Amino acid sequence: MERDGRRQSKGGEGRPEAGLRGRRAAGRGREAGRAGAARVRGLAGPSEGTRASAGMGPAARLAALLAVLALRAGDPTGAAARGDTFSALTSVARALAPERRLLGLLRRYLRGEEARLRDLTRFYDKVLSLHEDSATPVSNPLLAFTLIKRLQSDWRNVVHSLEASENIRALKDGYEKVEQDLPAFEDLEGAARALMRLQDVYMLNVKGLARGVFQRVTGSAVTDLYSPRRLFSLTADDCFQVGKAGNVSCALSLSREFLLYSPDNKRMSRNVLKYEKLLAESPTRVVSEAVIQRPNVPHLQTRDTYEGLCQTLGSQPTHYQIPSLYCSYETNSSPYLLLQPIRKEVIHLEPYVVLYHDFVNDLEAQKIRGLAEPWLQRSVVASGEKQLPVEYRISKSAWLKDTVDPLLVTLDHRIGALTGLDVQPPYAEYLQVVNYGIGGHYEPHFDHATSPTSPLYRMKSGNRVATFMIYLSSVEAGGATAFIYANFSVPVVKNAALFWWNLHRSGEGDGDTLHAGCPVLVGDKWVANKWIHEYGQEFRRPCSSSPED
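Residues numbered from 1 in each chain as written. Predicted model: local features only at pLDDT ≥ 70, side-chain atom pairs only at ≥ 80, totals over all residues. Heavy atoms only, no water.

Per an unreviewed UniProt entry, the protein chain is named procollagen-proline 4-dioxygenase, and its organism is Lynx pardinus. Among the UniProt annotations of the protein chain, the heading Cofactor (unreviewed entry) holds the following wording: "L-ascorbate". (UniProt positions renumbered as here; feature names shortened; annotations may be inferred.)

Dropping the structure here:
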């Protein structure tokens, strides 16, 4: 990335598994109401949905959690510029600052209202005491005067209090000043979809998730995936908000089911009419919701493998089971590494995947994150000759030239010494730094180009021959790198680097390198990618005429 923040024209080859979710199409409906978190966006008391759920039985309450109560009113136009907060956790963290400002505004408002209410309470107590005293004669001219004054003046001031208007006006003015820094409607939808994605991929128990517990329940077996130090439970209204991101067809079905338990719920009845009208006006919506489209050829059979590899949270064969998987200190015969060899762990042989432990230190990882953060933009994938942000890749990324900081030059030298490859442009791309968002993921894809029109060829240096990916942070759960056809996954190992060949020596793409970034269940995942191209490596990794090499 240039110093002025312009994005490098090259993007990741976005060939996802076209129909990976097709198998789940019928089951996507149940996602409409899966538990999740919604940002508290108002200052009012409990919603109708919350009050309606009070006093219900467990079955009705569960139906309430699954039902979708309302489609958002209003036009979200104009929010696109800030509608990608959810796609990077560092952006989500920045949203804490405007909320702190709002808390300050609310504190001042409450103090003003408390003072006003104290005055009202004193007025109420004084008048009440006069009425409770049966001996109070209106014949007393003083009492008669104060009665008329109260009714003509004091009560009018109570009802039309300028102080109350001034207090709420100050709160509204303060809110409008920070409103442009707040997450947009698209962020709320994106965060809700992220929670549904986590529930789906990791098979999280819906009731447990609503209580703040991350558990996978399969039959009678209960697996704790993450145990937070403090539980954050969701209200029914939070869960309803998540449901709004689901599809309308299923929302209609679940809303009708809700009415079976609470037939007098007016809000739910209105929603049923709204959904019926929405589907009647757009009959094609039913079809579009039933199948989540992906470009290129579908590989439905990989969805089970993908989810299974993510659910293992990165398990792989142990070394004693496969002796050819070994650990060693690697120098690659490079003088640069003789005094400080890198710990190498062979993860897999076909495709050849190795993990270099402690490739960077904590300070270097922090420095790289800091250099990239100001330039982060929504990650894109290649679609033909275009590059577009898509739902199956949720993250932000930035490209860093080696002229930005001497550390990047050092990093290039280290990668070159370890791999034996030429990593200088145009034979390699600039360093791409990625920060994943809420439930951030990248569905199965290849790093190398699979189409002759791919933007990767604009570099005029051939296809991506290898990937060098550095984990710049740790995560509490999730986020593993899953190799689908090779059927193994690698957990996030802070400061380690994962390396693999994308192409055979013949120049053909290695189909077994189909891989995915599993959704981040809990944590802030940062990675840095160095993609190395074919040209310039002719004598470093000689070609072969055999397709087996």
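Trainee: Explanation requested: the state of the cysteines in the structure shown.
Mentor: Formally, a disulfide is one covalent bond, and it connects the sulfur atom of one cysteine to the sulfur atom of another. Throughout the structure, instances matching the rule amount to one disulfide. Covalently, Cys310 is tied to Cys518 through a disulfide, its sulfur atoms 2.0 Å apart. Across the S-S bond of Cys310 and Cys518 the torsion is about -85 degrees, and the bridge reads as left-handed. Here the residue Cys310 occupies a position in helix α14 (residues 302-311), and Cys518 occupies one in the loop between β17 (515-517) and β18 (520-523), the gap between them amounting to 208 residues. Among the residues examined, Cys518 registers a relative accessible area of 0% and is labelled buried. (Disulfide = S-S within 2.5 Å. Helix = DSSP H or I, 4+ residues; strand = E, 2+ residues; numbered from the N terminus. Buried < 20%, exposed > 50% of the residue type's maximum accessible area, 1.4 Å probe, protein only.)

Trainee: Where do I start with the packing of aromatic side chains in this structure?
Mentor: Two measures describe an aromatic ring pair: the distance that separates the ring centres and the angle between the ring planes. On inspection of all chains with the given rule, the structure shows nine aromatic pairs. Ring geometry for Phe499 against Trp501: centres 5.1 Å apart, planes inclined by 80 degrees, an arrangement best described as edge-to-face. Both residues of the pair, Phe499 and Trp501, count as buried. Counting every residue linked through ring pairs, the aromatic cluster contains Tyr356, Phe359, Phe468, Phe499 and Trp501. Taking NZ or CZ as reference, Arg464 lies 3.7 Å from the ring centre of Trp531, over its face. (Phe/Tyr/Trp six-rings, centres within 6.5 Å; stacked < 30°, edge-to-face > 60°. Lys NZ or Arg CZ within 6 Å of the ring centre and 35° of its normal.)

Trainee: Would you take a moment to explain the sheet that holds strand β14 (residues 481-483) for this structure?
Mentor: Paired through their backbone hydrogen bonds, the strands of a sheet run either parallel or antiparallel. Strand order in the open sheet formed by four strands is β11-β17-β14-β15, and the pairing between neighbours is antiparallel. Strands at the two margins of the open sheet, each flanked by one partner only, are β11 (442-445) and β15 (488-490). Ignoring strand direction, the axes of neighbouring strands in this sheet form an average angle of 15 degrees. Relative to β17, β11 runs antiparallel, the two sharing two bridges. The residue bridging Tyr442 from the neighbouring strand is Gly517, located in β17. The strands touched by α14 are β11, β14, β15 and β17; relative to β11, the strand with the most contacts, the crossing angle is about 130 degrees. (Pairing = 2+ DSSP bridges. Axes fitted to C-alpha atoms, helices over the stretch in contact; angles between N-to-C directions. Contact = heavy atoms within 4.5 Å.)

Trainee: Please clarify how helix α7 (residues 162-178) should be interpreted in this entry.
Mentor: Since the α-helix packs 3.6 residues into each turn, any two residues three or four apart lie on the same face. The end-to-end C-alpha distance of α7, which contains 17 residues, comes to 25 Å, matching closely the 24 Å that a straight helix rising 1.5 Å per residue would cover. Within α7, the full set of buried residues consists of Asn167, Leu171, Gly174 and Val178. All buried residues of α7 fall inside an arc of 65 degrees around its axis, so they share one side. Of the exposed residues in α7, those oriented more than 90 degrees away from the buried face are Leu162, Glu166 and Lys177. Looking at the buried side of α7, the elements it contacts are α5 (96-132). (Expected span 1.5 Å × (residues − 1). Arc of directions from axis to C-beta.)

Trainee: Is there a simple way to think about the environment of Leu418 in this case?
Mentor: Summarising the element assignment, Leu418 is placed in helix α17 (residues 406-419). Given a relative accessible area of 4%, Leu418 falls into the buried group. Expressed as a C-alpha distance, the spacing of Leu418 and Phe359, which sit 59 residues apart in the sequence, is 9.9 Å. Setting aside residues up to four positions removed in sequence, Leu418 forms contacts with Glu330, Asn332, Leu337, Ile342, Tyr356, Phe359 and Phe468.

Trainee: Could you clarify how one ought to interpret the pattern of salt bridges in this entry?
Mentor: Where charged atoms from two side chains of opposite charge approach closely, those side chains can pair. Within the structure shown, the criterion is met by 21 salt bridges. Notably, a salt bridge pairs Asp362 with Lys494, separated by 3.5 Å at the nearest N-O pair. Taken together, the residues span a long stretch of sequence, with Asp362 in helix α16 (residues 362-372) and Lys494 in the loop between β15 and β16 (497-501) at a distance of 132 residues. Given the relative accessible area of 46%, Asp362 is considered partly exposed. For Arg464, the salt bridge is made with Glu429, and the minimal N-O distance between the two is 2.7 Å. Taken together, the residues Arg464 in strand β12 (residues 464-471) and Glu429 in the loop between α17 and β10 (431-436) connect sequence positions 35 residues apart. (Salt bridge = Lys/Arg side-chain N within 4 Å of Asp/Glu carboxyl O.)

Trainee: Just checking my understanding: could you explain the side chain of His445 for this structure?
Mentor: Turning to its location among the elements, His445 is positioned in strand β11. Taking the relative accessible area as the measure of exposure, His445 reaches 4% and is therefore buried. Of note is the side chain of His445, whose polar atom sits 3.5 Å from the side chain of Asp447. (Polar contact = N/O pair within 3.5 Å; in protein donor to acceptor, adjacent residues only side chain to side chain.)

Trainee: How should unusual backbone geometry be read in this particular structure?
Mentor: The phi torsion of most residues other than glycine is negative, and most of the peptide bonds are trans. That bond from Glu350 to Pro351 is cis: its omega, 5 degrees, falls within 30 degrees of zero. Here Pro351 is to be found in the loop between β4 (342-348) and β5 (353-357). Of note, the bond from Pro425 into Pro426 is cis; its omega dihedral lies within 30 degrees of zero at 5 degrees. Even without being glycine, Asp358 reaches a positive phi, approximately 50 degrees. By the secondary structure assignment, Asp358 is in the loop between β5 and α16.

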